[in-house]
Amino acid sequence: MSVILVFMLVIAGFAGWWLSHQRLTAKPWLEQGVAGDVVGFDRSSLPTAKIGLGVFLAVVGCLFSLFTSAYFMRMGLSDWRPLPLPRLLWLNTGVLALSSVALQCAVVAARRGQVDMVRLGLATAGLTALAFLAGQLIAWRQLTEDGYLLASNPANSFFYLITAMHGLHILGGLVGLGRTSAGAWNGTRRERLRLSVELCAMYWHFLLFVWLCIFAVLAGWAATFVSICQRLLT
Amino acid sequence: MAIVLVLVLIVVGSVLFHLLSPWWWTPIASNWDYIDNTITISFWITGIVFAAVVLFMAYCVFRFRHREGNRAAYQPENRRLESWLMIATAAGVTALLVPGLFVWSRFVNVPGEAADIEVVAQQWQWSFRLPGKDGKLGTSDTRIVSAENPLGIVPGDPNGQDDVVVEAADLHLPVGKPVKVLLRSIDVLHDFYIPEFRAKMDMIPGSVTYFWFTPTRTGTFQVLCAELCGQGHPLMHGVVMVDTEQDYLAWLGQQQTFAQLSAPQQTGAATQPSEKTMASSLDVAAKLETLEAR
Amino acid sequence: MVDVTPADAVPPAEVAEMELYHPHSWWTKYVFSQDAKVIAVQYSATAMAIGLVALMLSWLMRLQLGFPGTFDFITPEAYYQFITMHGMIMVIYLLTALFLGGFGNYLIPLMVGARDMVFPYVNMLSYWVYLLAVLVLVSSFFAPGGPTGAGWTLYPPQAIMTGTPGGQDWGIILMLSSLILFIIGFTMGGLNYVVTVLQGRTRGMTLMRLPLTVWGIFTATVMALLAFPALFVACVMMLLDRLLGTSFFMPAIVEMGEQLQHNGGSPILFQHLFWFFGHPEVYIVALPAFGIVSDLISTHARKNIFGYRMMVWAIIAIGALSFVVWAHHMYVSGMNPYFGFFFATTTLIIAVPTAIKVYNWVLTLWRGDIHLTIPMLFALAFIVTFVNGGLTGLFLGNVVVDVPLSDTMFVVAHFHMVMGVAPILVIFGAIYHWYPKVTGRMLDETLGRFHFWITFLGAYLIFFPMHYLGLMGVPRRYAELTDMNIMTESAHHLNSFISIMAFIVGFAQMVFLFNLIWSIRHGREAGGNPWRATTLEWQTPETPPAHGNFGKELPIVYRWAYDYSVPGAKEDFIPQNVPGSFGPSREPA
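Calculation criteria
- Residues numbered from 1 in each chain as written.
- Chains lettered and ligands numbered in written order.
- Predicted model: local features only at pLDDT ≥ 70, side-chain atom pairs only at ≥ 80, totals over all residues.
- Helix = DSSP H or I, 4+ residues; strand = E, 2+ residues; numbered from the N terminus.
- Rg over C-alpha atoms; globule rule 2.2 N^0.38 Å.
- Buried ≥ 20, exposed ≤ 12 C-beta atoms within 10 Å, placed from the backbone.
- Contact = placed C-beta atoms within 7 Å.
- Core = buried A, V, L, I, M, F, W, Y, C linked by C-beta atoms within 7 Å.
- Pairing = 2+ DSSP bridges.
- Axes fitted to C-alpha atoms, helices over the stretch in contact; angles between N-to-C directions.
- Nonpolar A, V, L, I, M, F, W, Y, C, P; charged D, E, K, R; others polar.
- Parallel < 35°, antiparallel > 145°, perpendicular 65-115°, else oblique.
- Left-handed = near helix turned anticlockwise from the far one by under 90°.
- Expected span 1.5 Å × (residues − 1).
- pLDDT = per-residue confidence, 0-100.

Chemist: Sorry, what's going on with the overall build of chain C here?
Modeler: Along its length, chain C carries 15 helices and 2 strands. Relative to the 2.2 N^0.38 estimate, which gives 25 Å for 589 residues, the radius of gyration of chain C is 24 Å and therefore close to what a compact globule would have. The principal-axis extents of the C-alpha atoms in chain C amount to approximately 85 × 50 × 50 Å. By residue count, 68% of the 589 residues in chain C fall in the buried class. Of the contacts made within chain C by residues no fewer than 6 positions apart, 80% connect residues no fewer than 24 positions apart.

Okay, here's the thing in structure tokens:
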């Protein structure tokens, strides 16, 4: 359960940092009759939707940390046979990174108000994300053809399970991206378009980050890294 | 106002119930009276806190109940009082925790002289295995469990040949000798629990868990399963008899070793163990059926 | 420091107006509504309806336990299905949904001074997904093989094996699917509750001016968002074990003489995941109750909550600590026994902030002006049951004491007292308290007192003696208490007594339901603020509050939520949106 505990510590760090700015030691009964300048209007200046997405990403992060925790705990048992990762995953990683870059370009364009560039960025991002999903499916097929079936070893089970979960999240993101694109083509208000492109980009970068983490875990680098750290400590 | 009376009655009634009711723990039959002592300490500390809080509350309700023209006092906080309460609570909690942890360290550290015995659970019966003359239990594997080898003892392991197998029957233990109980299950979670011994532990398929105790008096004790294991769970009883040394050796002499049990197998004659397994499984099935028929 | 602007000159214009989706038809107003208040009522009604099913199931269980062998239709199979569904419904579909989906939806926007939740559409979806989860759960009663009988903890391997009802039928599949749906639905709602508290607060509503109800629900929601994924992961993995033959949790197993296909899995892994969710879940239920009861006591004792800051810090501390105590449910599970030292320590540390909360509730009563209204009675009853259940928690948290008591009736008595009876008493208190706001009418007083006395005394009489059965060694989850050498004849009589009390208490809940429905039409008119309370939900221009909550302008908050009996003020309460300062310096001497 160490991975999830580390994740919880990070979350606790954020929460602590935020709470430390909320004057939790104030004596509220002394601050009577004032509303404005002393105790102001203290919500964050970030758009509400971004905060909402941030909270959601924390939940998603929690989910993947738990899968990783379970992965490491199950890995310690004797019947674990790691499976060779298909080369294709490298290509998929590149494609997903490309998708993120495209969305980042769309964000920059949206800030400048270049609607054509936004459209181009969104379309590229959507297509590359679809390509990533297709690539993952092909990787699954390669593995099953080579006899690495879902139920034949826990390493395989985890591989399919975690990649499927990640894929589902990309799929969900594509729905959001689709709505944003529809807005971009139908000419939504500029600020609105900018916000929704930014939200998509945030989600995409996060999922790219998650993918890099789980790629490292599935490839076994994470375990090697942890064991090196342990050796350094002892 | 009735609430004041009821609050006082709850405290008085709970204390009286605790002291006078006939429902109390069973007479202990193992060395774990430490656990009972820890429970007694817990009852004292928590009982005092419970009575104090509820009685104070009753007093407040009585004294400060609404009457015409009353007005509440204005007091946002009192840091000193709160700090003192916090310190007192921390002290009380420590008084509970520290003895508990000492006893726990005794519980997890098995004394060297403890003899190994193995309990194997399956839906819904108990079997036992004693290490035999060499004092070592042979290795086992759920994958090779069969009607002839119901405990899954690895035939190739010389340590296992002289293991005494007590399948779906009573276990006997000598009084006064510490035993380390190794727990194994071949299907689902079970829990080997004898209320008089106080100790218990889950058994997990795929791994071996343990606890230890020293039986301190002779007698017959009922084994209960304390982890839900399917619909036969409440019927999964067993018997452990704590004997004097003499009686124990007499019993041990009648038991068969793994080698003896598997020997007739080569001649193809003996289906006795499998019949026995079948019989006891059928036994539970029959019990379930009668229950369902009712 | 900036000059303090005269309070009444603060322009409300800075408050961002929300774009509200205004309903056009009956359907969008009452069914597919995006108004948090309607969603709250939908959540509450659904939760109470399914809770009623769970109550009936508990009757059936008590019939079997109290009068063994008398009722033919309660086979062991059926008994296990009853306990499983009872437990799961009560913990997740009733308590979690009612506190967060029901009270959270109703109270958060009103109490923080918002027009609605920040994402109303997602909020609406949340309810419908929850309803779907409930329907899937209910459908398992009608599926072949019936619902699962694995116990609410759903421990593998038995949960997905033939020896357990529903294990190889539809029961467990429907249960896991329903839980997955519930978690998805809850996450949608939870995002709303959290972000509304973060971003929806009106001008002047600092965190330290929030009523403790909001603090409780907010912290519980944050915890739930982080804890439910663990259940989600466990459910998905078990579903794969059951349907596709993977071996996440399933080791090599010989079932009734037959080798199963699984190999090498770890049942303990499931338990870790389950309790990583399961323990925070206890506080997910408890923290809203803590918050609500603080407000009930303060309002009805006409006195500010004692030690408000300590109460807030305690909520945060409990929320954080509850993520590092999960394995105290697993002391005798066969995990590494040395974990016991760590988890016993963390578990008992959590008792300190919890105790502080109890002291502060009781100290709020001290020198108060206690109105013994029905909500107040329920709050007092909550303290009794919560203290009782909390103290027995010290037994079970103290690792070695847990060894003889775990998996006995002592545990059943403990958790029913602390997370069954106690939070439900708060729910009742809260319903008597806020019903006038929701409907504009008071609940009937006589029926209410009847309901209170039976529920409180009956519940105490059910669960207090039950501890002693556990002490005796009577295991929980036994469909048959026959052939038990440890059980004396009198213990069986005690069981029958407990069962009879359970029927009486259950009956009292019917009276409550009747009161709920009857008072909608026939209750006394309540007016806007019948309890003379300070918090914003009582200051709405209309009762029940209209869509958008606060009419044209959002309220501005000038003070904390507990200005009761302020010296120098004429009334014994000052609503949060009333400007001006009263009395002399308010620092207590």
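Chemist: I'm lost on the nonpolar core in this one. Help?
Modeler: The nonpolar side chains of soluble globular proteins are, as a tendency, buried together. Ranked by internal contacts, the top residues of the largest apolar core, which has 351 residues, are M57(B), F378(C) and I383(C). In terms of residue count, the dominant contributor to this core is helix α3 (residues 76-112) of chain C (25 residues).

Chemist: I'm lost on the sheet that holds strand β1 (residues 115-122) of chain B in this one. Help?
Modeler: Across a sheet, strands are paired by hydrogen bonds formed along the backbone, either parallel or antiparallel in direction. Residue and element names in this part refer to chain B. Pairing is mixed across the open sheet formed by 5 strands, whose spatial order is β3-β2-β1-β5-β8. In the strand order of this sheet, the two ends are held by β3 (164-166) and β8 (209-213), each with one partner. Ignoring strand direction, the axes of neighbouring strands in this sheet form an average angle of 25°. As defined by bridge partners, strand β5 (residues 179-185) adjoins β8 across 5 bridges and the pair is classed as antiparallel. Looking across to β8, one finds that L183 is bridged to T209.

Chemist: I would appreciate a short explanation of the environment of L363(C) in the present structure.
Modeler: All names here are of chain C. Within the element layout of this structure, L363 appears in helix α10 (residues 351-365). A count of 22 C-beta atoms within 10 Å places L363 in the buried class. C-alpha separation for the pair L363 and I92, spaced 271 residues apart in sequence, amounts to 32 Å.

Chemist: When you look at the interface of chain A and chain C in this model, what are you seeing that I'm missing?
Modeler: Many structure descriptions define interface size as the accessible area lost when the parts assemble. Counting residues at the interface gives 46 residues for chain A, matched by 57 residues for chain C. Of the residues belonging to the side of chain A that touches chain C, the class tally is 30 nonpolar, 10 polar and 6 charged.

Chemist: Please explain the interface of chain B and chain C as it appears in this structure.
Modeler: Taken together, the contacts link 90 residues of chain B with 100 residues of chain C. Contributing elements (two or more residues each) for the side of chain B that touches chain C: α1 (2-20), α2 (33-63), α3 (79-108), β6 (190-193), β7 (200-203), β9 (219-225) and α7 (272-293) of chain B. By residue number, the principal contributor to the side of chain B that touches chain C is α3(B), which donates 14 residues. A per-class count over the side of chain B that touches chain C returns 54 nonpolar, 23 polar and 13 charged.

Chemist: Help me understand the packing of helix α5 (residues 171-199) of chain C against helix α6 (residues 212-244) of chain C in this model?
Modeler: Angle between the axes and distance between the axes: these two values describe a pair of packed helices. Residues and elements named next belong to chain C. Taken N-terminus to C-terminus, the directions of α5 and α6 make an angle of 155°; their axes are 8 Å apart at the nearest point. With respect to α6, the axis of α5 lies roughly antiparallel. Crossing angle aside, the handedness with which α5 passes α6 is left-handed. Across the contact of α5 with α6, the residue classes tally to 23 nonpolar, 3 polar and 1 charged.

Chemist: Can you walk me through the sheet that holds β6(B) in this structure?
Modeler: All names here are of chain B. Taken together, the 5 strands give an open sheet; going across it, the order is β4-β10-β9-β6-β7, and neighbouring strands pair in mixed fashion. Both outer strands of the open sheet, β4 (171-174) and β7, are each paired with one neighbouring strand and no more. Across this sheet, the average inter-strand angle for adjacent strands is 25°, counted without regard to direction. Along the sheet face, helix α5 (residues 245-254) touches β4 and β10 (238-243) and points at about 140° away from the line of β4.

Chemist: In this structure, what is going on with the pairing of β1(B)? I would like to understand it.
Modeler: For a regular strand, side chains alternate in direction, first toward one face of the sheet and then toward the other. All names here are of chain B. Note that β1 and β5 share 7 bridges and pair parallel. When the bridges of β5 are listed, V120 appears paired with R184. Hairpin remark: β1 followed by strand β2 (residues 125-130), antiparallel, with 2 residues in the connecting loop.

Chemist: Got a minute to help me understand helix α11 (residues 374-397) of chain C in this structure?
Modeler: For an α-helix the count is 3.6 residues per turn, leaving residues at separations of three or four pointing the same way. In a regular helix each residue adds 1.5 Å, so 24 residues correspond to 34 Å; α11(C) covers 33 Å between its end C-alpha atoms and thus fits that length. Counting buried residues along α11(C), 24 of its 24 residues qualify, which places the element largely inside the surrounding structure.

Chemist: Can you help me understand the confidence of the model for chain C in this one?
Modeler: Interpretation of the predicted coordinates at a detailed level should be avoided for regions scoring low in pLDDT. All names here are of chain C. For chain C, per-residue confidence averages 91 on the pLDDT scale, and residues scoring 70 or more make up 96% of the total. Ranking the elements of chain C by mean pLDDT puts helix α1 (residues 26-31) last, at 84, and helix α4 (residues 120-139) first, at 96. Predicted confidence is poor over residues 1-15, with pLDDT under 50, and the contacts of this stretch with residues over four places away or in other chains come to 27 contacts. The low-confidence segment residues 584-589, where pLDDT is below 50, has 7 contacts with residues more than four positions distant or belonging to other chains.

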